[in-house]
Amino acid sequence: MTGSNVRLRLAPSPTGFLHVATLRLALYNYLFVQQHGGQFILRIEDTDQARTVEGAIEAIYAALEWAGIPLDESPKIGGPYAPYMQSERTPRHQEVARRLVTEGTAYRCFCTKERLTELRESQEKRGLPPQYDRKCRHMTETEVAEELQKGTPHTIRIKMPLEGEIIGEDLLRGKIVFPAKDQDDAILLKTDGFATYHLAAMVDDADMKITHVVRGEEWIPSYPKHIEIIKACGFPMPKFVHTTLILNEDRTKLSKRKGPVAVSNFIEAGYLREALINFLMMVGWTGPETNKELYTMDELLKVFSFDRLTTAPAVFKYEKLDWFNGNYIRSKSPEALEADLVEYLTYMKNIVVTEDAFTIPSIHQTIPRATFRKMVTHAQQKMVKMSEFVPSLDVYFSLAEYNTSLFFNEKMKVDAAMAKTAMAFLLPILEEIQEWSIDSLKETIMAKIAEAGYKNGQILWPMRVALSGLPMSPGAFEMADVLGKEETMQRLQTGLEKLS
Ligand code: GLU
């Protein structure tokens, strides 16, 4: 389908960074738009100037770009309904608010902050929910004119219905019924002249021809206000989807006090975009196939639908994300993983790429491309996050201080004498090898082991220990291949000396 009128928007406030919950919303928006040949819009909701943080907008673009979610319209790209920065739309919000006053669906409220605070405190004391008592809703025209004459600061409030029910339709939750008596006359325009979220978002959504509003369930309590604002303005009613909250494992709301939540934190920690996306999609959404957890973007495009979102709060399990990441790392071709690693290290400003080598400044090493590829292939077996890659290279550049007890391995039938024998056995064989490659190493050594009647582990375990000095490392052949002949011989010699 192309050219449909489906238009969805992401409307983050630039308060610091892009939260993973916002990335999840962006994914829902993007998938739905793609399925319907519609448009995906980014609107920056920066009317709360006090909370606006410098650099936050750039962080939003960077996170979406990293995730591979393209935008059709945004403050940067522009579009037919610009401006896409909410604060620049203030004159339009003010015009609508004034129109509602003129039409009698909204009113000016001259109550002071002090009065409103007193009112709230007395309601709280009596155990009542805080609610504006609608004093100014009953002012006469003359009273209003007098206050305006005096220049008394005022807000503009919506006149909510006083009785009956306000009924919302949520694509995920169905009908949501709100008794009118519980509703407050929400402020549309603040004393500083800026619109509140309630008015600004409804006006902008209508002006930008948004067809579906996908937002967090924390907005459900405000939903009746929005319904009434949209009706008062005479705007078409968009479809609403209120998505579930994301919780920490202790069931508190996912926040940076409990662990990383910014998309940039996950990029820095070395998660692959496929893994983070797949994981986030599985937080609060279930696919049509039970037990299937791994979904590529293409698969998601085929099977995503709003009605498969869960309404129960979804728990964010960092360990599960690691599982996804390890899975994706291992399922990649070495070429693809290398490209991801280079991209990651570039992001971390820890790689210099030249035609035939990669330099890693943090470890002061320049690695020929062919060797780098081998290192990638070896790291791929165990790596959970890409941040583990550079530390995994230490083994090739320096031999760890190790204790000879590492050589002993009951299962492999290696004791001190056997380890020493292995070193002495290997040195002359390796000396003879002319063409140093993993295949020739494997072929020659395995043949000699068979010929001598040893068990493979009796030679290969001590060899691996001598080459790495670590309890765990890439295998003996892999290590020797990367180290090259000279360094391999040197490390075996060191092993022999340690054992003597
Ligand atoms: N600016 C609001 C927020 O960041 C947007 C909510 C919405 O999507 O309407 O929560």
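In case you missed it, the structure is sitting above this.
The following paragraphs examine the structure supplied in this document. (Residues numbered from 1 in each chain as written. Predicted model: local features only at pLDDT ≥ 70, side-chain atom pairs only at ≥ 80, totals over all residues. Heavy atoms only, no water.)

1. Some thoughts on the overall build of the chain
Line of reasoning, step 1. Looking only at helices and strands, the chain features 19 helices and 14 strands.
Line of reasoning, step 2. For the chain, the spread of C-alpha atoms along the three principal axes comes to 110 × 55 × 45 Å.
Line of reasoning, step 3. Each of the 500 residues in the chain was classed as buried or not, and the buried ones make up 49%.
Line of reasoning, step 4. In the chain, once contacts between residues fewer than 6 apart in sequence are set aside, the share between residues at least 24 apart is 72%. (Helix = DSSP H or I, 4+ residues; strand = E, 2+ residues; numbered from the N terminus. Buried < 20%, exposed > 50% of the residue type's maximum accessible area, 1.4 Å probe, protein only. Contact = heavy atoms within 4.5 Å.)

2. Some words on helix α4 (residues 113-125)
Line of reasoning, step 1. When the terminal C-alpha atoms of α4 are compared, their 18 Å separation across 13 residues agrees well with the 18 Å that a helix rising 1.5 Å per residue should span.
Line of reasoning, step 2. Positive backbone phi, at 75°, marks Gly127, one or two positions downstream of α4. (Expected span 1.5 Å × (residues − 1).)

3. Some remarks on the site of the ligand
Line of reasoning, step 1. In the region of the ligand, the neighbouring residues are Arg9, Ala11, Ser13, Glu45, Tyr197, Arg215 and Trp219.
Line of reasoning, step 2. The separation between a nitrogen atom of the ligand and a polar main-chain atom of Ala11 is 2.8 Å.
Line of reasoning, step 3. Glu45 has a polar side-chain atom sitting 2.7 Å from a nitrogen atom of the ligand.
Line of reasoning, step 4. Surface burial for the ligand is 80%, taken as the share of its 290 Å² of free accessible area covered by protein chains.
Line of reasoning, step 5. Assessed atom by atom at 2 Å from the grid points, the ligand resides in the largest pocket.
Line of reasoning, step 6. Residue composition of the shell around the ligand, grouped by class: three nonpolar, one polar and three charged. (Near = heavy atom within 4 Å. Polar contact = N/O pair within 3.5 Å; in protein donor to acceptor, adjacent residues only side chain to side chain. Areas by Shrake-Rupley, 256 points an atom, 1.4 Å probe, with all protein chains shown as cover. 1 Å grid on protein atoms, 1.4 Å probe; cavity = no way out; pocket = protein on both sides within 12 Å on 5 of 7 lines; lining within 4 Å. Sits in = over half its atoms within 2 Å of the grid points. Nonpolar A, V, L, I, M, F, W, Y, C, P; charged D, E, K, R; others polar.)

4. Let's talk about the nonpolar core
Line of reasoning, step 1. Within the largest apolar cluster, 111 residues are counted, with the highest numbers of intra-cluster contacts made by Leu64, Phe389, Ile445 and Met463.
Line of reasoning, step 2. Apart from the residues within four sequence positions on either side, Phe389 is in contact with Leu341, Leu345, Phe372, Met375, Val376, Ala379 and Met383.
Line of reasoning, step 3. Leu188, Ala200, Tyr223 and Ile230 belong to the second-largest nonpolar core, a separate cluster that totals 35 residues. (Core = buried A, V, L, I, M, F, W, Y, C linked by side-chain atoms within 4.5 Å.)

5. Brief notes about the sheet that holds strand β13 (residues 357-360)
Line of reasoning, step 1. Strand order across the open sheet formed by three strands is β12-β13-β14, with antiparallel pairing between neighbours. Because the sheet does not close on itself, it has two edges, and the strands there are β12 (352-353) and β14 (365-368).
Line of reasoning, step 2. Pairing of β12 with β13, which is carried by two bridges, proceeds in the antiparallel orientation. For Val352, the partnering residue across the bridge sits in β13 and is Thr359. (Pairing = 2+ DSSP bridges.)

6. With respect to the sheet that holds strand β4 (residues 155-158)
Line of reasoning, step 1. Taken in spatial order, the three strands make up an open sheet running β3-β4-β7, and their pairing is antiparallel. Bordering the open sheet on either side are β3 (106-109) and β7 (187-189), each of which pairs with just one other strand. Between one strand axis and the next, the sheet turns through 40° on average, direction left out of account.
Line of reasoning, step 2. Summarising the sheet, β4 and β7 pair through two bridges and their orientation is antiparallel. Within the sheet, the bridge partner assigned to Ile156 lies in β7 and is Leu189. (Axes fitted to C-alpha atoms, helices over the stretch in contact; angles between N-to-C directions.)

7. Observations regarding the layout of surface pockets
Line of reasoning, step 1. As a volume, the largest pocket reaches approximately 1,200 Å³.
Line of reasoning, step 2. Elements supplying a minimum of two residues to the lining of the largest pocket: β1 (7-10), α1 (20-36) and β8 (212-216).
Line of reasoning, step 3. A per-element tally of the lining of the largest pocket places α1 first, with five residues.
Line of reasoning, step 4. By volume, the second largest pocket is sized at about 450 Å³.
Line of reasoning, step 5. What lines the second largest pocket is a set of 21 residues, among which Leu116, Thr155, Arg157, Ile187 and Lys190 lie closest to the centre.
Line of reasoning, step 6. Every element with two or more residues in the lining of the second largest pocket is listed here: α4, β4 and α6 (197-207).
Line of reasoning, step 7. Residues that form the lining of the second largest pocket fall into these classes: eight nonpolar, seven polar and six charged. (Points joined across faces, edges and corners; volume = space filled by probe spheres on them.)

8. Describing the environment of Pro179
Line of reasoning, step 1. Inspection of the secondary structure assignment puts Pro179 in strand β6 (residues 174-179).
Line of reasoning, step 2. Taking the relative accessible area as the measure of exposure, Pro179 reaches 32% and is therefore partly exposed.
Line of reasoning, step 3. As for Pro179 and Phe407, which are separated by 228 residues in sequence, their C-alpha atoms are 75 Å apart.
Line of reasoning, step 4. For Pro179, the residues in contact, after removing those within four places along its chain, are Gly164 and Glu165.

9. Details of the packing of aromatic side chains
In this description, an aromatic ring pair is defined by two values, namely the gap between the centres and the angle between the planes.
Line of reasoning, step 1. Under the definition given, this model contains 19 aromatic pairs.
Line of reasoning, step 2. Relative to Tyr223, the ring of Phe178 lies with its centre 6.0 Å away and its plane at 90°, an arrangement referred to as edge-to-face. Of this pair, Phe178 sits in strand β6 while Tyr223 sits in helix α7 (residues 223-233), and the two are 45 residues apart along the sequence. Note on accessibility: Phe178 and Tyr223 belong to one class, buried.
Line of reasoning, step 3. Through a chain of ring-to-ring contacts, three or more aromatic side chains come together here, namely Phe266, Tyr271, Phe279, Phe316, Tyr318, Trp323 and Phe324. (Phe/Tyr/Trp six-rings, centres within 6.5 Å; stacked < 30°, edge-to-face > 60°.)

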